[in-house]
Amino acid sequence: MTASFPDLKDKRVLVTGSTMGIGLATAQAFARQGARVGLNGRKAPQHVDDILAGMHANGGQAAFFAADLSSSDGCAQLIDAFVARFGGIDVLINNAGGLVGRKPLEAIDDAFFDAVTDLNMRSVLMTTRFALPHLRESAKRSGQTASVISVGSIAGHTGGGPGASLYGASKAWLHNIHKNWVDFHTAEGIRFNIVSPGTVDTAFHADKTEEVRQRISASIPMGRFGKAEEMAPAFLFFASHVCSGYVTGQILDVNGGQYMP
Ligand code: NAP
């Protein structure tokens, strides 16, 4: 069964880091609502034509935009390309992110610091910065709020697992910087919310043995990892002006009870 958010039809939705995992499941969920959706990754996924055709068949429009968001130039190029294709932005989903690697404190060097913070912090800041005029315009033109939804993490609350201190801190930074954006951009008709996943079964956890996976599952009240598809409805809710037009500055933890703030 598919959740229904009729006001998302024709909305222009950019989902960063959406060649697989949570981003792809979310992009596909928006397509099922009839939205116009931008997929992004550093390079096109293997079956990009099939993915786009599936999204069209389900009622949406979709296009893929290659851009490496670890650089500010990449963020600017992505926004320019999406706007050139769809004419503006109504919803920005800052999903691109990841561990980069695991390093304990003693092993963190400048290159690792830059790689983790560029991917998880710079990408969100700069993509949002370049999207801002388009989001303002969307709100002004439509009379409905535009929406920025960033992907936080349980690690942003807890500090992160082994070797993931910088990753956890960068997600906490996201949780925090949204508060400033709420204070200074709400009057422009833009809402800022965060979806904060727990442990979701994606390539993100490819480094884990079956034993570690079992141990983590046992620590989750739901007894299992989440599925990427189970994250998507939270983004639909925050994107829908009808459902969440008075909701901003919030973190929605989707984690099977793994962490309760
Ligand atoms: P994933 O399956 O590894 O997907 C990551 C996506 O980001 C891919 O589409 C990847 O595409 C893209 N990406 C990576 N580097 C990029 C860059 N420099 N520029 C543009 N795109 C880039 O990860 P996921 O588990 O779905 O995670 C999605 C988000 O959820 C991340 O922000 C992650 O931190 C967060 N999160 C995940 C979990 C979890 O348990 N899975 C938990 C909490 C938070 P390319 O490789 O093609 O560039």
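The structure reproduced in this document is the subject of the present report. Given the structure is predicted, the values throughout are model-derived calculations rather than measurements. (Residues numbered from 1 in each chain as written. Predicted model: local features only at pLDDT ≥ 70, side-chain atom pairs only at ≥ 80, totals over all residues. Heavy atoms only, no water.)

**Remarks on the layout of surface pockets**
In step 1: Estimates place the volume of the largest pocket at around 1400 Å³.
In step 2: Forming the boundary of the largest pocket are 49 residues, of which G97, G98, L99, Y167 and F204 lie nearest the centre.
In step 3: For the lining of the largest pocket, the secondary structure elements donating two or more residues are α1 (21–32), β2 (36–41), α5 (154–158), α6 (165–185) and α7 (210–218).
In step 4: Of the residues contributing to the lining of the largest pocket, the split by class is 20 nonpolar, 22 polar and 7 charged. (1 Å grid on protein atoms, 1.4 Å probe; cavity = no way out; pocket = protein on both sides within 12 Å on 5 of 7 lines; lining within 4 Å. Points joined across faces, edges and corners; volume = space filled by probe spheres on them. Helix = DSSP H or I, 4+ residues; strand = E, 2+ residues; numbered from the N terminus. Nonpolar A, V, L, I, M, F, W, Y, C, P; charged D, E, K, R; others polar.)

**Notes on the sheet that holds strand β3 (residues 61–66)**
In step 1: An order of β3-β2-β1-β4-β5-β6-β7 is seen for the 7 strands of this open sheet, with the pairing classed as parallel. Each having just a single partner strand, β3 and β7 (251–254) make up the two edges of the open sheet. The sheet shows a mean angle of 20 degrees between the axes of neighbouring strands, direction not considered.
In step 2: Where β2 lies against β3, 6 bridges are found, and the strand directions are parallel. Note that in β3 the partner of G38 across the bridge is A63. (Pairing = 2+ DSSP bridges. Axes fitted to C-alpha atoms, helices over the stretch in contact; angles between N-to-C directions.)

**Observations concerning the site of the ligand**
In step 1: Not every one of the 32 residues close to the ligand is listed here, only the nearest: T19, N95, Y167, T202 and H205.
In step 2: Between L69 and the ligand, the recorded distance is 2.9 Å, taken from a backbone N or O atom to a nitrogen atom.
In step 3: A distance of 2.9 Å is found between an oxygen atom of the ligand and a side-chain nitrogen or oxygen belonging to K171.
In step 4: For the ligand, whose unbound accessible area comes to 890 Å², protein coverage reaches 93%.
In step 5: Applying the majority rule of atoms within 2 Å of the grid points places the ligand in the largest pocket. (Near = heavy atom within 4 Å. Polar contact = N/O pair within 3.5 Å; in protein donor to acceptor, adjacent residues only side chain to side chain. Areas by Shrake-Rupley, 256 points an atom, 1.4 Å probe, with all protein chains shown as cover. Sits in = over half its atoms within 2 Å of the grid points.)

**Some points on the environment of I93**
In step 1: Structurally, I93 is set in strand β4 (residues 91–94).
In step 2: Looking at I93, the relative accessible area reads 0%, which means it is buried.
In step 3: For the pair I93 and F184, spaced 91 residues apart in sequence, the C-alpha separation works out to 19 Å.
In step 4: Setting aside its immediate chain neighbours within four residues, I93 contacts V13, L14, V15, T16, T26, F30, I149 and F235. (Buried < 20%, exposed > 50% of the residue type's maximum accessible area, 1.4 Å probe, protein only. Contact = heavy atoms within 4.5 Å.)

**Digging into unusual backbone geometry**
In step 1: Phi at D10 is positive, roughly 70 degrees, even though this residue is not glycine.
In step 2: For D10, the location among the structural elements is in the segment before β1 (12–15).
In step 3: In this structure, V100 is a non-glycine residue whose phi angle is positive, near 70 degrees.
In step 4: The topology assignment puts V100 in the loop between β4 and α4 (110–142).

**Some details on the packing of helix α3 (residues 72–86) against α4**
Two packed helices can be described by the angle between their axes and the distance between those axes.
In step 1: Viewed as axis vectors pointing N to C, α3 and α4 meet at an angle of 35 degrees, and their least axial separation amounts to 9 Å. As α3 packs across α4, the resulting crossing turns out to be right-handed. On α4, the residues that touch S72, C75, A76, I79 and V83 of α3 are R122, S123, M126, T127, F130, A131 and H134.
In step 2: Tallied by class, the residues present in the contact of α3 with α4 amount to 7 nonpolar, 4 polar and 1 charged. (Left-handed = near helix turned anticlockwise from the far one by under 90°.)

**A short note on the side chain of N94**
In step 1: Secondary-structure assignment places N94 in strand β4.
In step 2: Judged by its relative accessible area of 2%, N94 falls in the buried class.
In step 3: Here the side chain of N94 touches S150 through a polar contact of 3.1 Å, side chain to side chain.

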